[in-house]
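Per-entry structural report
Listed here are the chains, written in short residue letters.
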Amino acid sequence: MKPTKDQLAAAADRTIPDVIAPGLAVLFSGINPGLYSAATGHHFARPGNRFWPALHRSGFTPRQLRPDEQEELLGYSLGITNVAARATARAEELSTAELVAGAGLLTAKVRRFRPRWLAVVGVTAYRTAFRRPKAVFGAQPETIGTTKIWVLPNPSGLNAHYTPDSLAAAFALLREATHAR
């Protein structure tokens, strides 16, 4: 059910639960929940967001899941969290301090749950949050404990630099890396 304008407005600053379990192959981390996601309680829920199609088209899932099926990700050894927990209309509303603090919390979460890969969607947010101003897409030289880090393009429909095809291709590179030991 599509949230109303009032429901979207009321979703500001809300948080949504992680989809997480110990030992995942990949823990995807969004920048922060959008208002649509916070209003529905589902990650990457805005209809224009291309996360779910990219996940499927890259081979991570055998079919395209809907946001309300997010718990099924655990069966594919995948999970979702966020760098910053607070919902906003746009990621630009987050301060540098919020992103840096969120990276600290995310690091602790990764150390606790120990996924093989942490995939951060959004290179600009990754650069800011993890204080890596020259970071590029793909595998990062840093790790969190034994967890490797990969940076993906932001799947938001606002990121016009990436087509659905190029986004799926970027996700597929990560999927291929998860199978390399």
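What this report covers is the structure whose coordinates are included nearby. (Residues numbered from 1 in each chain as written. Predicted model: local features only at pLDDT ≥ 70, side-chain atom pairs only at ≥ 80, totals over all residues. Heavy atoms only, no water.)

**With respect to the overall build of the protein chain**
Helices and strands together make up the secondary structure of the protein chain, namely six helices and five strands. Along the protein chain, helices and strands appear, N-terminal first, in the series α-β-α-α-β-α-β-α-β-β-α. Taken over C-alpha atoms, the radius of gyration comes to 15 Å for the protein chain, in line with the 16 Å a tight globule of 181 residues would show. The buried share of the protein chain, taken over its 181 residues, is 48%. A fraction of 70% describes how many contacts in the protein chain between residues 6 or more apart in sequence connect residues 24 or more apart. Total accessible area on the protein chain is roughly 9,100 Å²; 55% of this is exposed by carbon and sulfur atoms. For the protein chain, the separation between the mean place of its 22 positive charges and that of its 13 negative charges on side chains is 6 Å. (Helix = DSSP H or I, 4+ residues; strand = E, 2+ residues; numbered from the N terminus. Rg over C-alpha atoms; globule rule 2.2 N^0.38 Å. Buried < 20%, exposed > 50% of the residue type's maximum accessible area, 1.4 Å probe, protein only. Contact = heavy atoms within 4.5 Å. Areas by Shrake-Rupley, 256 points an atom, 1.4 Å probe, with all protein chains shown as cover. Lys, Arg positive; Asp, Glu negative; His and termini not counted. Charge placed at Lys NZ, Arg CZ, Asp CG, Glu CD.)

**A few points about the environment of Lys-134**
Summarising the element assignment, Lys-134 is placed in the loop between helix H5 (123-129) and strand S4 (138-144). Given a relative accessible area of 77%, Lys-134 falls into the exposed group. Sequence separation between Lys-134 and Thr-124 is ten residues; the distance between their C-alpha atoms is 9.7 Å.

**Structural notes on the sheet that holds strand S2 (residues 78-82)**
Ordered by their spatial adjacency, five strands build an open sheet running S2-S1-S3-S5-S4, and the pairing between neighbours is mixed. Each having just a single partner strand, S2 and S4 make up the two edges of the open sheet. Neighbouring strand axes in the sheet, compared pairwise and without regard to direction, differ in orientation by 25° on average. Pairing geometry for strand S3 (residues 117-121) and strand S5 (residues 147-152), over five bridges, is parallel. Residue pairing in the sheet places Ala-119 in a bridge with Trp-150 of S5. Docked against the sheet, helix H6 (residues 164-179) engages strand S1 (26-30), S3 and S5, running at close to 165° with respect to S5. (Pairing = 2+ DSSP bridges. Axes fitted to C-alpha atoms, helices over the stretch in contact; angles between N-to-C directions.)

**A look at the pattern of salt bridges**
On inspection of all chains with the given rule, the structure shows ten salt bridges. Residues Asp-18 and Lys-109 are paired through a salt bridge, measuring 2.7 Å at the closest nitrogen-oxygen approach. Separated by 91 residues along the polypeptide, Asp-18 in the loop between helix H1 (5-10) and S1 and Lys-109 in helix H4 (residues 96-113) bring together distant segments of the chain. Looking at Asp-18, the relative accessible area reads 28%, which means it is partly exposed. Where Arg-132 meets Glu-142, a salt bridge forms, and the shortest distance between an N and an O atom there is 3.1 Å. (Salt bridge = Lys/Arg side-chain N within 4 Å of Asp/Glu carboxyl O.)

**Overview of the pairing of S5**
Counting buried residues along S5, five of its six residues qualify, which places the element largely inside the surrounding structure. As paired strands, S4 and S5 are joined by four bridges and run antiparallel to one another. Considered in S5, the bridge of Thr-143 is made with Lys-148. Between the antiparallel neighbours S4 and S5 lie two residues, among them Gly-145 with a positive phi of about 60°.

**Section: unusual backbone geometry**
Phi at Ser-77 is positive, roughly 65°, even though this residue is not glycine. One can find Ser-77 in the loop between helix H3 (51-57) and S2. Exposure remark for Ser-77: the relative accessible area of 24% places this residue in the partly exposed category. We note that Arg-114 has phi near 50°; this positive angle belongs to a residue other than glycine. For Arg-114, the position within the fold is in the loop between H4 and S3.

**Digging into the nonpolar core**
Core analysis: the biggest nonpolar cluster contains 24 residues, and Val-26, Phe-28, Leu-152, Phe-171 and Leu-174 have the highest contact counts within it. Each residue touching Leu-152, except ones within four places of it in the same chain, is listed here: Phe-28, Ala-119, Val-120, Val-121, Gly-122, Val-123, Phe-137, Ala-170, Phe-171 and Leu-174. Leu-27, Ile-31, Ala-84 and Val-151 belong to the second-largest nonpolar core, a separate cluster that totals 23 residues. (Core = buried A, V, L, I, M, F, W, Y, C linked by side-chain atoms within 4.5 Å.)

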